[in-house]
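# Coordinate inspection notes
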Amino acid sequence: MADLAVSLLSADFSCLEKQLQELKEADVKWLHIDVMDGNFVPSISFGFPIVKTLRKAFSGVFDVHLMIQEPIRYIKEFAESGSDMITIHLEACEDVEATLRWIRECGCKAGLAVNPHTPIEEVYPYLHLTDMVLAMTVQPGFGGQKYIHSVTKKVETLHKYLNENGFDSVLIEVDGGICLETALEAADAGSDILVSGSSVFKGNIGQNVHDLLEAMNHSEKV
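Residue positions are counted from 1 within each chain, in the order its sequence is given. A pLDDT threshold of at least 70 governs which residues receive local features in this predicted model, and a stricter bar of 80 or more applies before side-chain atom pairs are shown or counted, although totals over entire chains, interfaces and linings include all residues. With hydrogens and water set aside, each side-chain value is computed from the structure's full complement of heavy atoms.

### Re the overall build of the protein chain
- Every helix listed is a DSSP run of H or I at least four residues long, and every strand listed is a run of E at least two residues long, numbered separately from the N terminus. Looking only at helices and strands, one finds eight helices and eight strands in the protein chain.
- Along the first, second and third principal axes, the C-alpha atoms of the protein chain reach 40 × 40 × 30 Å.
- In this scheme, a residue with accessible area under 20% of its type's maximum is buried, one over 50% is exposed, and one in between is partly exposed, where area comes from a 1.4 Å probe on protein chains only. Put simply, the protein chain has 222 residues, and 52% of those count as buried.
- Contacts in the protein chain between residues at least 24 apart in sequence constitute 65% of all its contacts with a sequence separation of at least 6.
- For the protein chain, the accessible area works out to roughly 9,800 Å², and carbon and sulfur atoms hold 51% of it.
- Asp and Glu are treated as the negative residues and Lys and Arg as the positive ones, with His and the ends of the chain left uncounted. Lysine's charge is taken at NZ, arginine's at CZ, aspartate's at CG and glutamate's at CD. Here the protein chain holds 17 positive side-chain charges and 33 negative ones, and the gap between their average locations is 3 Å. Note on contacts: a residue pair is in contact if any heavy atoms of the two residues lie within 4.5 Å. Each accessible area is a Shrake-Rupley estimate made with a 1.4 Å probe; only the visible protein chains count as cover when residues are assessed.

If you want it as structure tokens, here you go:
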């Protein structure tokens, strides 16, 4: 059964407290926090002071996605700010293994993300240090993009590999373009966590969450 991680990138920060309350009332358990540095990706978003402040208002899982170059420099600060899962990009690290180890040493679960055109097989050497693999289904850096359907095959390949090689406890997350039309496709491919922002925050948050969960959980695969 897949779960939903709501991306804060699409929230309205002028009424964020109200929207966080609506997410809690909708029983959202995962908050996806995109951290962008203007270097690895063109956009700039939140830093660890924002994560620390949010921690006071939301008790669920903080799924912190670091889209920054050499994230090893900031792992300790994000861990101390209240992160539960810290995900780094394979493409952004000189030493992927050292970065994953440092996340775990700082007391967080470790996620490893890959961009749409990175072969999924490149994560295999690091699975013993990874709690979650994030397959980007859009180009990282901006919300509201359309789902790249070719990534679905990568998720299927990863799902099969994990199950056949003793890594069935490693979660698969997909991020980008998740809406009612794509949620079932991503879940059927083997995804455990689906990230959605625009489709949650546009309109009635509670109803949108309910509809997305209904769509993704018609899957018979996960």
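### Some thoughts on the UniProt feature "binding site: substrate" (unreviewed entry) in the protein chain
- UniProt positions are given in the numbering used here, feature names are shortened, and annotations may be inferred rather than shown by experiment. Following the UniProt record, the feature "binding site: substrate" (unreviewed entry) maps to Ser7, His65, Gly141, Phe142, Gly143, Gly144, Asp175, Gly176, Gly177, Gly197 and Ser198 here.
- Mapped onto the elements, Gly197 comes out in the loop between strand S8 (193–196) and helix H7 (198–201).
- With sequence-adjacent residues up to four places away left out, Gly197 is seen in contact with Ser7 and Ser10.

### Quick look at unusual backbone geometry
- Positive phi is not limited to glycine here, since Asp27 has a value of about 65°.
- Structurally, Asp27 is set in the loop between helix H1 (16–25) and strand S2 (30–36).
- One non-glycine residue with positive phi stands out, namely Glu70, at about 50°.
- As for its placement among the helices and strands, Glu70 is situated in the loop between strand S3 (61–67) and helix H3 (75–80).

### Here we look at the environment of Ile75
- Looking at where Ile75 falls in the secondary structure, it is placed in helix H3.
- For the pair Ile75 and Trp102, spaced 27 residues apart in the sequence, the C-alpha separation amounts to 7.3 Å.
- When near neighbours in sequence (up to four residues on either side) are disregarded, Ile75 contacts Leu66, Ile86, Ile88, Trp102, Ile103 and Cys106.

### Things to note about the nonpolar core
- Core analysis: the biggest nonpolar cluster contains 63 residues, and Leu23, Ile33, Val123 and Val200 have the highest contact counts within it.
- With five residues, helix H8 (residues 205–216) is the largest single contributor of residues to this core.
- With residues up to four places along the chain from it excluded, the contact list for Val123 reads Leu90, Leu112, Val114, Val133 and Leu158.
- Residues grouped as a nonpolar core are buried Ala, Val, Leu, Ile, Met, Phe, Trp, Tyr and Cys residues, joined through side-chain atoms within 4.5 Å. Ranked by size, the runner-up nonpolar core spans six residues in total, among them Trp30, Met85, Met132 and Ile193.

### A few points about the packing of helix H6 (residues 180–188) against H8
- Direction vectors running N to C along H6 and H8 enclose 40°, while the axes themselves pass 7 Å from each other. Taken together, the axes of H6 and H8 are oblique relative to one another. The chirality of how H6 crosses H8 is right-handed. Contacts between H6 and H8 involve Leu180, Ala183, Leu184 and Ala187 from the first element and Asp211, Leu212, Ala215 and Met216 from the second.
- Each residue gets one label: Ala, Val, Leu, Ile, Met, Phe, Trp, Tyr, Cys and Pro are nonpolar, Asp, Glu, Lys and Arg are charged, and the others, such as Gly, are polar. In terms of residue class, the contact of H6 with H8 is made up of seven nonpolar, no polar and one charged. Orientation is described by axes fitted as lines to C-alpha atoms, over the contacting stretch for helices, and by angles from 0 to 180 degrees between their N-to-C directions. Should an angle fall under 35 degrees it is called roughly parallel, over 145 degrees roughly antiparallel, and 65 to 115 degrees roughly perpendicular, with every other angle called oblique. Less than a right angle of anticlockwise turn of the near helix away from the far helix marks a crossing as left-handed, whereas a clockwise turn marks it as right-handed.

### Focus: helix H4 (residues 96–105)
- Where H4 is concerned, the buried positions are Val96, Thr99, Leu100 and Ile103. Summarising the axial view, the buried residues of H4 lie within an arc of 100°, below the 170-degree limit, and thus occupy one face.
- Against H3, strand S4 (85–89) and strand S5 (109–114) lie the buried residues of H4.
- Pairs of N or O atoms are called polar contacts if they sit within 3.5 Å, as long as, within protein, a hydrogen donor faces a hydrogen acceptor (for residues adjacent in sequence, only side-chain-to-side-chain pairs). The opening residue of H4, the one whose side-chain oxygen lies 3.4 Å from the backbone nitrogen of Glu97, is Asp95.
- Following H4 by one or two positions, Gly107 adopts a phi angle in the positive range, close to 90°. In this description, one arc is meant: the one made by directions from the helix axis to the C-beta atoms.

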